[in-house]
Each structure stands twice: as structure tokens, then as C-alpha cells.
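One-letter residues, chain by chain:
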Amino acid sequence: MKIIIDCLGGDNGARATVEGALAAMRKFEDLSVIFVGDEKEIGTILKEHDHAESRIDVIHAPTMVDGNDRPMEAVRMKRDSSMMRAIRELRDREDIDGMVSVGATGCLIAGVTMMIPRIGGVRRPAFCPILPTMTGGIVGVCDSGANMVVSAEQLQQYAIMGSQYLKAAYKIENPRVALLNVGKEEEKGDQLRLDAFKLLQNTPDLNFVGNMEARELLSGEIDLTVCDAFSGNVLIKSVEGTALELLKKIKKDIYSKSQYKIGALFMKKMFMEEKEFMNYQNYGGSVFLGTEKTVVKGHGSADRKAVFVCISQARRMIRRHLTEEIGKAIEKSIPKDDE
Amino acid sequence: MFEEVKELLVKQLKLKDASVIRPETKIQAELDADSIDILQLLMALEEKKGITIPDEDLVKFVTVQDIVEYLEKIG
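Predicted model only: the values in this text are computed from it and were never measured.

Scoring rules and cut-offs
- Residues numbered from 1 in each chain as written.
- Chains lettered and ligands numbered in written order.
- Predicted model: local features only at pLDDT ≥ 70, side-chain atom pairs only at ≥ 80, totals over all residues.
- Helix = DSSP H or I, 4+ residues; strand = E, 2+ residues; numbered from the N terminus.
- Expected span 1.5 Å × (residues − 1).
- Buried ≥ 20, exposed ≤ 12 C-beta atoms within 10 Å, placed from the backbone.
- Contact = placed C-beta atoms within 7 Å.
- Pairing = 2+ DSSP bridges.
- Axes fitted to C-alpha atoms, helices over the stretch in contact; angles between N-to-C directions.
- Right-handed = clockwise from strand over helix to strand, strands pointing away.
- Parallel < 35°, antiparallel > 145°, perpendicular 65-115°, else oblique.
- Left-handed = near helix turned anticlockwise from the far one by under 90°.
- Nonpolar A, V, L, I, M, F, W, Y, C, P; charged D, E, K, R; others polar.
- Domains from an automatic or database assignment.

Q: What exactly am I supposed to notice about helix H3 (residues 35-49) of chain B here?
A: Its 15 residues place the ends of H3 of chain B 21 Å apart at the C-alpha level, agreeing with the 21 Å of an ideal helix rising 1.5 Å per residue. What H3 of chain B keeps buried is the set Gln40, Leu41 and Leu42 of chain B. On its buried face, H3 of chain B sits against helix H5 (105-115) of chain A together with helix H1 (2-13) and helix H4 (55-58) of chain B.

Spelled out as C-alpha cells, the structure:
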């Protein structure tokens, strides 16, 4: 198995991506990688570590795409950037199975959408991050970045693709899928949500549990939230922002009184465990669903451990033939002409 | 030029029968292509020809012949 790694664009530079990949290669002997970035910088990092040279290639593409680049301009004008070069190699070479990047999300979404073919029958690929739930599980949000304006059929496809992803990558046997809405009742929401609800209810082999409200996201009662990218993106950032601000306030309050500080000392281990529990880096990156090749996007601030987790995630998806499974499930959902 | 564009269309849209593509064929209406298919096709042409098609020109392509004539015009 071969995975191509875009080494530039993350806050921690090529070091995090290269060292994370080397860790993955030590664990998985069937893994080869191609690093795309500044070959001199990559070479310097590689020299510091023992590595299997026969399983590593380097492509020199030292230009970086960053968050200030407009996505479609980056795709067409920065063709030789590490990100766009990696996407093209992924598209053109049969021996490359997947890609990992921690670079600018919008540019990656545009590049993958424009250059990687879609699985047959898929209308639009979706972008699906994973969050930890309060019961120790995970929940996916599909879509959270690819398509701001969607149809009911697209939402149905997100549900199908997301379900297959959770089965393959997280071994969730019968993922509970919910439609993000402004209330739980069946008649809630705009026409899009009403139409999508009916489609989802009638989708074979889908464990659709109905509408959900945003506050239920982390409850542990849902495995996959289906929505348009605008709603999904707002949802995730609201959750992140709430968690961060709450933690800041708790910390501030602890330091405000001596008896709180003493109490906190006894709970220090618990706080450390909760911090680790909420560390997104443990849960993997966001994945593209619906493309013929596997692409995983790590957080921009990913360290080597997070990159290792993203590569492991990509490897799992490839080994379990997720693209084929999605293709079969999508084909099954398309009404035949004689129906 | 027509044959080049036809070959790319067949590959892009995974068409089983290339004979459906004629110069007057409407790409979206008759070949079931959507906007992403068109953009991917035009990007593939940009890469192949080493050209950049201005954004405002991307919306002008309705038939296969529109693309062929455009490419012939820009040489």
C-alpha cells in the first residue's frame, strides 16, 4: 500500500508529517510513502531517523498552498504546490492508494473535488470530520465543508457514504444516522429537510433514527449527523468554541480561590484525562467520501502523533475497500428506470 | 482537436459508447454531465494543453463543438 503525503501547509511544518509517517511505517510493514515538499528539508529530517529507504520516495514541490489562497485559484495557479502536485499524483498513478494532507482545508477540498474522479453515481463528494462523544464513542458530521448548497438526494448520499465509512473505519456495525434539524419532530425544518427526511426514511440498509437537534451531537446517541456544509461547519466550530471557552472559564475559576485550587489538585489526574479525551488529534482527520481514491485531511496544527493517526485511518479505509463499499451502497440506492 | 476533446470526455464521464459524442452534442443535457464534470474536463484540457481558461469563459461551453472552437481559437 502506498500513501502520498503533502508535507507542507501545517503549523508544524514538514517535520510533523515526515516523523508521523515514519512512525506509521514502523508500525505497518506493508506501507510505503511518497513525501511531497521541499526535498532538501525532507532529506534532512530523514537522515535523523532510521528508515526503510526502499519504501520511501520524495517528490520535490517546495511551494506551499496556505489559508490566504483562494481555493480555485490555488488549484489552477499553484499547480506545482506540494498539495496540488500530491493530488495529481494520486489521480494519475494507480500504485498510489491514498493521500494525507494537513494543509489549507478549502484548497484541499477544491483540489480533490476538481481532480479526483467521483465514485460512480456520487453527485458530490462530502467532507466528514469525527468528534468524540461524551459516552466515549465518536460521531461523524457529513458534510462539513464540501457543498454549501445541497439537494435532498445529496443528503441521502451523505448518509449512505458516512454509514459505510463508520462501518469500515470504526467498526460500527449499524451506524445511527440522524438529520440535523431545528427540532426532532418529523414535520420540522425547511422543504429541503422535509424532503431529505422522507428519502432517508425510505433508504434501504440505513439505520435512520430521525431528526436531531445540534445540542444532541455529543450525546452518544447518534453516530452520524447528516447536513449541508454550512450547517455542519457552523455546528463543529460552535462545539469546539464552547468546549474551549468552558475549559478556559473552569481554569480561571479554579485559580480564583484557594479552596478551589486545593480541590483541583485532587482532581488533577481527572483533568488531564479529560484533556486527553477531548484532544481531537486522537480521533483522526476529516475524510473525503465519494472520491475514487482515499484522502484524509489532518488538522493544521497536527503534530507527529496526529499525522500517524491520520495515516492509520487512511490505511484502514483502503484495507477495508471503503470506496468499493460506497460504490455498491450508492448504486443500490439509485432508483432503477423500471421502478 | 475534436477527437482529443472526445477522448477526454469519454474518459471523464466514463462513457461506454464513444459514438454518442458528436460536435453538436450538448455536454450537460445529453451526456448527463454536471457542473463538476465540466470543470474537471476543462481542468484536464488546461493541463494537457498548458493553457489557462479564464473563469468568464468557462460558462460558455454548451456543446462539444463550443470547446473545440475555443481551443482552436486560442491555438
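Q: Would you mind going over the sheet that holds strand S5 (residues 126-128) of chain A with me for this structure?
A: Two strands in a sheet stick together by hydrogen bonds in their backbones, pointing the same way (parallel) or opposite ways (antiparallel). All names here are of chain A. Here we have seven strands laid out as an open sheet, ordered S3-S2-S1-S4-S12-S11-S5, and mixed in their pairing. Each edge of the sheet is formed by a strand with only one pairing partner; in this case those strands are strand S3 (56-60) and S5. When the angles between neighbouring strand axes are averaged without regard to direction, this sheet yields 20°. Note that S5 and strand S11 (residues 286-289) share three bridges and pair antiparallel. Of the residues in S11, the one forming a bridge with Ala126 is Leu289. Its contacts with the sheet place helix H2 (residues 39-47) against strand S2 (32-37) and S3, and it is angled at close to 150° to S3.

Q: Looking at this model, I keep getting lost on the pairing of strand S1 (residues 2-6) of chain A. Mind explaining?
A: A regular strand places its side chains so that they alternate between the two faces of the sheet. All names here are of chain A. Burial runs high along S1: four of the five residues are buried. One ladder, built from five bridges, connects S1 with S2; its direction is parallel. When the bridges of S2 are listed, Asp6 appears paired with Val36. Considered for its hand, the β-α-β crossover made up of S1, helix H1 (residues 13-27) and S2 is right-handed. The pairing of S1 with strand S4 (residues 98-101) spans four bridges and is parallel. In the strand pairing of S4, Asp6 is matched with Ser101.

Q: Even after reading the chapter, I still don't get the packing of H1 of chain A against helix H11 (residues 304-319) of chain A, so can you show me in this structure?
A: Packed helix pairs are specified by the crossing angle of their axes together with the interaxial distance, meaning the distance between the axes. Residue and element names in this part refer to chain A. As a packed pair, H1 and H11 sit with axes 7 Å apart at the nearest point and diverge in direction by 55°. With respect to each other, H1 and H11 are oriented oblique. Crossing hand, H1 versus H11: right-handed. Side by side, H1 and H11 meet where Ala16, Thr17, Glu19, Gly20, Ala21, Ala23 and Ala24 of the first sit next to Arg304, Lys305, Val307, Phe308, Ile311 and Ser312 of the second.

Q: Explain the interface of chain A and chain B to me, please; I cannot follow it from the model alone.
A: The parts lose accessible area when they come together, and the size of an interface is often stated as this lost area. Counting from both sides, the interface comprises five residues of chain A and, opposite them, seven residues of chain B. Of the residues forming the side of chain A that touches chain B, the biggest block, three residues, is contributed by H5 of chain A. Classifying every residue of the side of chain A that touches chain B gives two nonpolar, two polar and one charged.

Q: I keep staring at the domain arrangement of chain A and nothing clicks. Help me out?
A: Residue and element names in this part refer to chain A. Assigned domains of chain A: these are domain 1 (1-122 + 290-322 + 334-339) and domain 2 (123-285). Domain 1 and domain 2 are separated by 25 Å when their C-alpha centres are compared. Listed by partner, the interface residues are 23 residues for domain 1 and 18 residues for domain 2. Secondary structure elements with two or more residues in the side of domain 1 that touches domain 2: H5, strand S12 (294-297) and H11.

Q: When you look at the environment of Ile4 of chain A in this model, what are you seeing that I'm missing?
A: All names here are of chain A. Looking at where Ile4 falls in the secondary structure, it is placed in strand S1. A sequence separation of 17 residues divides Ile4 from Ala21, and the C-alpha atoms of the two residues are 9.9 Å apart. Residue contacts for Ile4: discarding those within four places in its chain leaves Ile34, Val36, Ala86, Glu89, Leu90, Ile96 and Met99.

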